[in-house]
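Report on the structure
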Amino acid sequence: MTNKIAVLAGDGIGLEIVAEALKTLQCLQQDFGFSVELEPAAIGGAGYDQFGKPLPDETLAVCRQADAILFGAIGGPQYDRLERDLRPEKGLLNLRSALALFSNLRPAILYPQLASASSLKPELVAGLDIMIVRELTGGIYFGQPRGIRVLENGERQGFNTLVYAEHEIERIARSAFDISMLRNRRLCSVDKANVLEVSELWREVVTRVAGDYPDVELSHLYVDNASMQLVRAPKQFDVIVTTNLFGDILSDTAAMLTGSIGMLPSASLDSSGKGLYEPVHGSAPDIAGRNLANPLATILSLAMMLRYSLQQAQLAELVETAVGRVLDQGIRTADIAGGGASVGTAEMGDAVVAALRKLGG
Ligand code: IPM
Ligand code: MG
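Now for a look at the structure at hand. The numbering scheme is per chain: residues are counted from 1 as the chain's sequence reads. Here chains are named by letter from A upward and ligands by number from 1 upward, in the order in which they appear as written. pLDDT decides what is reported in this predicted model: residues at 70 or higher carry local features, side-chain atom pairs at 80 or more are listed and counted, and totals for whole chains, interfaces and linings draw on all residues regardless. With hydrogens and water excluded, all non-hydrogen atoms of the structure serve as input to the side-chain values.

A few words on the overall build of the protein. Working definition: helices are DSSP H or I runs of at least four residues, strands are E runs of at least two. Numbering for both runs from the N terminus. Counting secondary structure elements, the protein contains twelve helices and twelve strands. Atoms considered for the radius of gyration are the C-alpha atoms alone. The globule rule reads 2.2 Å times the number of residues to the power 0.38. Relative to its length of 361 residues, the protein is compact, with a C-alpha radius of gyration of 20 Å against a globular reference of 21 Å. Its C-alpha atoms give the protein principal-axis dimensions of roughly 65 × 50 × 45 Å. When the 361 residues of the protein are sorted by exposure, 52% land in the buried category. Long-range contacts, defined here as pairs at least 24 residues apart, represent 75% of the contacts in the protein between residues at least 6 apart. All accessible-area figures derive from a Shrake-Rupley calculation using a 1.4 Å probe, and residue coverage is judged against the displayed protein chains alone. For the protein, the computed accessible surface area is about 15600 Å², with 50% contributed by carbon and sulfur atoms. Computed over 32 positive and 43 negative side-chain charges, the inter-centroid distance for the protein is 2 Å. Three labels apply to residues, based on accessible area from a 1.4 Å probe with only protein chains included: buried if under 20% of the type maximum, exposed if over 50%, partly exposed otherwise in between. In this analysis, two residues are considered to be in contact whenever any of their non-hydrogen atoms come within 4.5 Å of each other. We treat Lys and Arg as the positive residues and Asp and Glu as the negative residues; His and chain ends play no part in the count. The location of each charge is read from NZ of Lys, CZ of Arg, CG of Asp or CD of Glu.

Pasting the structure below:
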């Protein structure tokens, strides 16, 4: 069976890091008999430049037909002054929404080789392995009404709406409980139920769903406390489930615990397991085109794609093992080199391919 993969490199370092993930994919094709068909398409600023919108219709059509989507990064200062609907970010948000990719998995795993790259003491983060499950197609990111209006006194007022319907809470909760069952069976739901009605409902629905998962130990934290606990004692967490906005913030914090946001992959899944795979980091326009970016988050996103959408758990493990081997060899891009010797984006990609070839025998 040929796997159809839509390739949306996007902007900034997106092009360079996706190119390295494609090298890995090519190696899987040549040495491991994995069959893929790639369908490149424009997104974000590139979509705007080529088609006048951040999510061109052609791109959405390509994504709908694909088995999975490999995504680089979007955004750049040249697009910041466009009206909101034309900005690169809107391309990604509309794609998540159009494909109903409501379940966003963001693992934060500390590779033992990188313990010294974390900003926390090694003993606090050694062995860290957290999974953040972020709701991705609802909440304040999409709630209506929204906008900037002029009040009677002539002053402008910005407003957004934080809404969650029960079915949206229930499906992300089930997603998180299912993942907890495959891990250490501890789930922490993060909300702001001491202040927000929407969080009160969130907590009630998550607690109700817990009834179907008697083997999972459920706890609840307010988001302010959760953010503190993440930097105080991060290893207390196994799986965290939370809303779109809280998940956006907490996943950046969790990422930094592992040393570099350049290491963290993500999966965004619909109810049937089709998904978009992207690094958690952004387009980093300051280092774009300079062979400086770390491609490992994108390569690890490819591994997640193999596992969650393409049913190739063995190949996924091979790719992850290859990344571990490269780190064992002391090969580092600048973001994880701690000021020491470093290699470029392309060299890191080549090193992963070399390690993968060796694993293939
Ligand atoms: C992320 C990003 C996006 C988000 C932006 C680029 C729209 O920060 O994936 O975490 O806020 O969801
Ligand atoms: Mg973010």
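One side-chain nitrogen of Lys or Arg within 4 Å of one carboxyl oxygen of Asp or Glu is enough to make a salt bridge. For the structure on display, the rule yields 17 salt bridges. Of the charged contacts in the structure, one is a salt bridge between Glu20 and Lys23, with a shortest N-O distance of 2.8 Å. With Glu20 and Lys23 both in helix H1 (residues 14–32), this residue pair falls three residues apart, about one helical turn. Residues joined by salt bridges that share partners form a network here, namely Glu166, Glu170, Arg174, Arg208 and Asp212.

Time to look at the sheet that holds strand E4 (residues 103–109). Pairing is mixed in the open sheet, where ten strands are placed in the order E2-E1-E3-E12-E11-E4-E5-E10-E8-E9. What marks the edges here is a single partner per strand, and that holds for strand E2 (36–40) and strand E9 (217–222). In this sheet, neighbouring strand axes are inclined to one another by 25 degrees on average, regardless of whether the strands run parallel or antiparallel. Pairing between two strands requires that DSSP report at least two bridges joining them. Here E4 pairs with strand E5 (residues 129–135) via seven bridges, running antiparallel. Bridge pairing in E5 links Ser103 to Glu135. Relative to the sheet, H1 contacts strand E1 (3–10), E2, strand E3 (68–73) and strand E12 (275–279), its axis offset from that of E3 by approximately 145 degrees. The sheet strands contacting helix H6 (residues 166–181) are E4, E5, strand E8 (186–191), E9 and strand E10 (239–242), and the helix crosses E5 at an angle near 165 degrees. Interaxial angles span 0 to 180 degrees and are taken between N-to-C directions of axes, which are lines fitted to C-alpha atoms, for helices over the stretch in contact.

A few words on the packing of H1 against helix H10 (residues 296–308). Interaxial distance between H1 and H10 falls to 8 Å at its minimum, and their mutual angle equals 45 degrees. The pairing of H1 with H10 is recorded here as oblique in orientation. Crossing angle aside, the handedness with which H1 passes H10 is right-handed. The residues of H10 that touch H1, namely those facing Ile17, Val18, Glu20, Ala21, Thr24, Leu25 and Leu28, are Thr298, Ile299, Leu302 and Leu306. Gly falls in the polar group here, along with every residue not listed as nonpolar (Ala, Val, Leu, Ile, Met, Phe, Trp, Tyr, Cys, Pro) or charged (Asp, Glu, Lys, Arg). Looking at the contact of H1 with H10 residue by residue, the classes come out as eight nonpolar, two polar and one charged. Throughout this description, any angle smaller than 35 degrees is read as roughly parallel, any larger than 145 degrees as roughly antiparallel, any in the 65 to 115 degree range as roughly perpendicular, and the remainder as oblique. Should the near helix be turned anticlockwise from the far one by less than a right angle, the crossing is termed left-handed; should it be turned clockwise, right-handed.

As a further point, take the pairing of strand E7 (residues 156–159). Note that strand E6 (residues 147–150) and E7 share four bridges and pair antiparallel. Along E7, the bridge assignment pairs Arg149 with Gln157. The loop that links E6 with its antiparallel partner E7 comprises five residues; one of these, Gly154, has a positive phi angle of about 90 degrees.

Close to ligand 1 lie Glu89, Arg96, Arg106, Arg134, Tyr141 and Asp248, which account for all nearby residues. N or O atoms within 3.5 Å of each other form a polar contact, as long as, within protein, one can give a hydrogen and the other can take it, and as long as residues adjacent in sequence are counted only when both atoms are side-chain atoms. The separation between an oxygen atom of ligand 1 and a polar side-chain atom of Arg96 is 2.7 Å. Note that an oxygen atom of ligand 1 is positioned 2.8 Å from one of the side-chain N or O atoms of Arg134. Here the shell around ligand 1 is built from residues that sort into one nonpolar, no polar and five charged. Whether a residue is near a molecule or strand is decided by its heavy atoms; if any one of them lies within 4 Å of it, the residue is near.

Along the chain, the position of Gly349 falls in helix H12 (residues 345–359). Note: C-alpha distance between Gly349 and Gln236 (113 residues apart in sequence) is 33 Å. Ignoring anything within four residues of it in the chain, the contact list for Gly349 reads Glu20, Pro295 and Ile299.

In this fold, Leu182 is placed in the loop between H6 and E8. The exposure class of Leu182 is exposed, given its relative accessible area of 75%. Distance from Leu182 to Ile74, taken between C-alpha atoms, is 32 Å for residues 108 residues apart in sequence.

Let us now look at the packing of aromatic side chains. Pairing of aromatic side chains requires ring centres within 6.5 Å, counting the rings of Phe and Tyr and the six-membered ring of Trp. Pairs whose planes differ by under 30 degrees are stacked, by over 60 edge-to-face, and all others tilted. One pass over the structure, following the stated rule, counts three aromatic pairs. Arranged with centres 4.8 Å apart and planes meeting at 15 degrees, the rings of Phe177 and Tyr213 form a pair that is stacked. Of this pair, Phe177 sits in helix H6 while Tyr213 sits in the loop between helix H7 (197–210) and E9, placing them 36 residues apart in sequence. Across this residue pair, the class does not change: Phe177 and Tyr213 are buried. Two thresholds decide whether a charge sits over a ring: the Lys NZ or Arg CZ must be within 6 Å of the ring centre and within 35 degrees of the ring normal. A cation sits over an aromatic face here: Arg149 above Phe159, 3.7 Å from the ring centre. Over the ring of Phe102 we find Arg171, and its NZ or CZ is 4.4 Å from the ring centre.

Moving on, we get to the nonpolar core. What is meant by a nonpolar core is a set of buried Ala, Val, Leu, Ile, Met, Phe, Trp, Tyr and Cys residues, joined one to another through side-chain atoms within 4.5 Å. Membership of the largest hydrophobic core comes to 87 residues, with the highest contact counts inside it found for Val133, Phe177 and Met263. With eight residues, the single largest contributor to this core is H10. Domain start and stop positions are those given by an automatic or database domain assignment. Two domains share this core, each providing at least three of its residues, namely domain 1 (1–102 + 270–361) and domain 2 (111–259). Those residues within four positions of Met263 in sequence are excluded, and the remaining contacts are Tyr111, Leu114, Asn294, Leu296, Ala297, Leu300, Leu327 and Ile336.

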